[in-house]
Amino acid sequence: MIRKWNCPMRTLLLSALILATTPVLARDTYPPVEVLLQADKSVIGEPLEYPEGKAQITMAIVTMQPGQKTGWHRHEAPLAAYMLEGEITVIYGDAGTKTYKTGDALVEAFRSPHAGVNSGEDIARILAVFAGAEGVSNTVAEE
């Protein structure tokens, strides 16, 4: 004798099958993710701290001509950066000097004055992502 499953049993079995196969489908269909950077400190060892207020993400591409300088400045919001092309050298005062090239990812100095220069022979392009707050300046020029 063939017995019909009652509706709740069929629903339970179907739900179990869907849950069992979902991780496999997600693994096979979601595109690969390459983590470029994961950090809790800046390049000079400062612990990251988000500004108070309503969260605001700002994403920008900074383009610097060969030899162009940023001048001394600081950031009031954490800044994750990715070198799209070119080369820059950043002076961090007592914390030293670092050079970043195409493909480098970093969390820039936070609230510490620093100055950068395009130290390469070509344009430098930097993807900058600030994790700031409304009313908080992402970058402040030092006098």
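Described below are features of the structure shown in this document. Because the structure is a prediction, the values reported are computed rather than measured.

Observations concerning a nonpolar patch on the surface
A cluster of nonpolar residues, Y30, V33 and V35, forms a patch on the protein surface that exposes about 380 Å² of accessible area. Examined against the element boundaries, V35 turns out to sit in the loop between α1 (7-29) and β1 (55-64). Exposure remark for V35: the relative accessible area of 61% places this residue in the exposed category.

Quick look at the pattern of salt bridges
What the rule picks out here adds up to eight salt bridges. The partner of R74 in a salt bridge is E76, with the nearest N and O atoms 2.1 Å apart. R74 sits in the partly exposed class, given a relative accessible area of 23%. Between E87 and K101 there is a salt bridge whose closest N-O contact spans 3.8 Å. In this pair, E87 is assigned in strand β4 (residues 87-91) and K101 in strand β5 (residues 97-101), connecting sequence segments 14 residues apart. The class for K101 is partly exposed, based on a relative accessible area of 45%.

Notes on the sheet that holds β5
By way of backbone hydrogen bonds, the strands of a sheet pair with one another, either parallel or antiparallel. Strand order in the open sheet formed by three strands is β5-β4-β7, with antiparallel pairing between adjacent strands. Pairing within the sheet leaves two strands with one partner each, and these edge strands are β5 and β7 (115-118). Sheet twist, expressed as the mean angle between neighbouring strand axes with direction ignored, is 20°. Across four bridges, the pairing between β4 and β7 is antiparallel. In the strand pairing of β7, T89 is matched with V117.

Structural notes on unusual backbone geometry
Despite not being glycine, R111 shows a phi value in the positive range, around 65°. Tracing the backbone through its elements, the reader meets R111 in the loop between β6 (105-107) and β7. For R111, a relative accessible area of 35% corresponds to the partly exposed category.

Things to note about the sheet that holds strand β8 (residues 124-133)
The strand order across the open sheet formed by four strands is β1-β8-β3-β6, and the pairing between neighbours is antiparallel. Taken across any chain shown, the strands that pair with only one partner, and hence form the sheet edges, are β1 and β6. Between one strand axis and the next, the sheet turns by 20° as a mean value, whatever way the strands run. Sheet topology places strand β3 (residues 79-85) next to β6; three bridges connect them, and they run antiparallel. From the neighbouring strand, A81 faces β6, where its bridge partner is L106.

Rules and cut-offs
Residues numbered from 1 in each chain as written. Predicted model: local features only at pLDDT ≥ 70, side-chain atom pairs only at ≥ 80, totals over all residues. Heavy atoms only, no water. Patch = residues over 30% accessible without salt bridge, like charges linked within 9 Å, V, L, I, M, F, W, Y side chains within 5 Å. Areas by Shrake-Rupley, 256 points an atom, 1.4 Å probe, with all protein chains shown as cover. Salt bridge = Lys/Arg side-chain N within 4 Å of Asp/Glu carboxyl O. Helix = DSSP H or I, 4+ residues; strand = E, 2+ residues; numbered from the N terminus. Buried < 20%, exposed > 50% of the residue type's maximum accessible area, 1.4 Å probe, protein only. Pairing = 2+ DSSP bridges. Axes fitted to C-alpha atoms, helices over the stretch in contact; angles between N-to-C directions.

Read these as spatial facts, not as claims about activity.
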